[in-house]
Amino acid sequence: MRHSLIPGDDTLHGHFSPDFAPVLTIDPGDTVTYRTLDCWWSAGPYPGGRNRDRPRVPQYRPDHGHALVGPVAVRGARAGQTLEVRIDAVIPGAWGTTVAGGWPSGFNERYGVEQEGVVHAWELDVATMTGRNQHGHTVALRPFMGVLGMPPAEPGRHSTVPPRPCGGNLDCKELTAGSTLLLPIPVDGGLFSVGDGHAAQGDGEIGGTAIECPMDEVTLTFTVRDDFPVTGPVARTADAWLTMGVGATLDDATYAALSSMLTLLQRLYGVSRPDAVALASVAVDVRVTQIVNQIVGAHAVLRDGAVA
């Protein structure tokens, strides 16, 4: 069955929480098509001036994080199972915004741009899949959703900023249309939310924002699996397996991603853990996912054909 959700009073929220009631309950195998706002709850394109002067939708509150749509419960899903999210379509709106510098943060301090900031306003052309800013710079678009995930099991409200093993602000640019994301389900029903559309981003998201944009269409198909246990995000793309790790440091995130990759190698090839380490050392790449979300992320990549 197909369903649809649009931003509104009932569907928008700025936190994760296991206490939020689902706005939609679906069956495994169902598809949901969303329309989403940009991360800042913007009511329209960046108007110029200071970034904080942007018009926002009425649902925005200063304590909110990313503008998320949901949560969606999957009937019969139980904590400890795996939620499979197939990303069928991600189509950006006509505009986006990138903010760099001008606020206190560890990375802005290192770049020397805490005091001076800029805003790039982008016009997005879906027909050519290109974006052009006010300075005439043009980039190729590769849209994906920055936030895909479920709340931790602990009661109360949880920030949307840090990624978690159950998903959230992963900011992994490989999660484009055609990819499938697998997440450990932390609470019965799952309570899945999505938001934070990105028209384009580099590995690392080094300035803290990508081309943040609304999405005209995000189509996701949900399945519950008992046959593929995961302890953190795992993704299947068109030509690779990805395992993702999050942590306080890049070392922590990298080893979390690699531990998950070793388990995947054991599953795929029926090898021992030491054999998986040996294979990973010659066939797996480690990449930085993002370094700007309080908790940092890394992902390990196993390309198709790297091991036969």
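Predicted model, so just to flag it, every value in this text is computed and none were measured.

Cut-offs applied
Residues numbered from 1 in each chain as written. Predicted model: local features only at pLDDT ≥ 70, side-chain atom pairs only at ≥ 80, totals over all residues. Heavy atoms only, no water. Axes fitted to C-alpha atoms, helices over the stretch in contact; angles between N-to-C directions. Helix = DSSP H or I, 4+ residues; strand = E, 2+ residues; numbered from the N terminus. Parallel < 35°, antiparallel > 145°, perpendicular 65-115°, else oblique. Contact = heavy atoms within 4.5 Å. Nonpolar A, V, L, I, M, F, W, Y, C, P; charged D, E, K, R; others polar. Pairing = 2+ DSSP bridges. Buried < 20%, exposed > 50% of the residue type's maximum accessible area, 1.4 Å probe, protein only. Phe/Tyr/Trp six-rings, centres within 6.5 Å; stacked < 30°, edge-to-face > 60°. Lys NZ or Arg CZ within 6 Å of the ring centre and 35° of its normal. Expected span 1.5 Å × (residues − 1).

Visitor: Got a sec to walk through the packing of helix α2 (residues 250-269) against helix α3 (residues 273-283)? Specific residues and values, please.
Guide: Viewed as axis vectors pointing N to C, α2 and α3 meet at an angle of 110 degrees, and their least axial separation amounts to 9 Å. One way to sum up the angle between α2 and α3 is to call them roughly perpendicular. Residue-level inspection shows Ser 259, Leu 262, Thr 263, Leu 265 and Gln 266 of α2 in contact with α3, the latter providing Arg 273, Ala 276, Val 277 and Ala 280. Each residue belonging to the contact of α2 with α3 can be placed in one class, and the counts come to 5 nonpolar, 3 polar and 1 charged.

Visitor: Describe the sheet that holds strand β4 (residues 31-36), naming the residues involved and giving the relevant values.
Guide: Ordered in space as β1-β4-β15-β6-β13-β16-β17-β19-β18, the 9 strands form an open sheet in which the pairing is mixed. Both outer strands of the open sheet, β1 (2-5) and β18 (284-290), are each paired with one neighbouring strand and no more. Taking the axes of each pair of neighbouring strands and ignoring which way they run, one obtains an average angle of 25 degrees across the sheet. The pairing of β18 with strand β19 (residues 296-303) spans 6 bridges and is classified as antiparallel. Following the sheet pairing, Val 288 is matched in β19 by Ala 298. Contacting β18 and β19, α3 crosses the sheet at an angle of about 75 degrees to β18.

Visitor: Describe the pairing of β19, naming the residues involved and giving the relevant values.
Guide: By the criterion of burial, β19 is predominantly enclosed, with 7 of the 8 residues buried. Sheet analysis places strand β17 (residues 240-247) next to β19, joined by 8 bridges and oriented antiparallel. Across the sheet, the residue bridging to Val 246 is Gly 297, located in β19. Where β18 hands over to β19, the hairpin turn is made up of 5 residues, of which Gln 294 adopts a positive phi near 70 degrees.

Visitor: Mind laying out the packing of aromatic side chains, listing which residues take part and the relevant values?
Guide: Across all of its chains, the model carries 5 aromatic pairs by this definition. Ring centres of Trp 103 and Phe 107 lie 6.0 Å apart, and the angle between their planes is 85 degrees; this geometry places the pair in the edge-to-face category. The exposure class of Phe 107 is buried, given its relative accessible area of 13%. The ring of Phe 228 is capped by Arg 267, whose NZ or CZ atom sits 4.1 Å from the centre of that ring.

Visitor: I'd like to hear about α2, residue by residue, with values.
Guide: Its 20 residues give α2 an end-to-end C-alpha distance of 28 Å, which sits within 8% of 28 Å, the value for a rise of 1.5 Å per residue. Taken together, the buried positions of α2 are Ala 253, Thr 254, Ala 257, Ser 260, Met 261, Leu 262, Leu 264 and Leu 265. Looking at the buried side of α2, the elements it contacts are β16 (234-236), β17, α3, β18 and β19. In the segment just after α2, Gly 270 is the residue with positive phi, at about 65 degrees.

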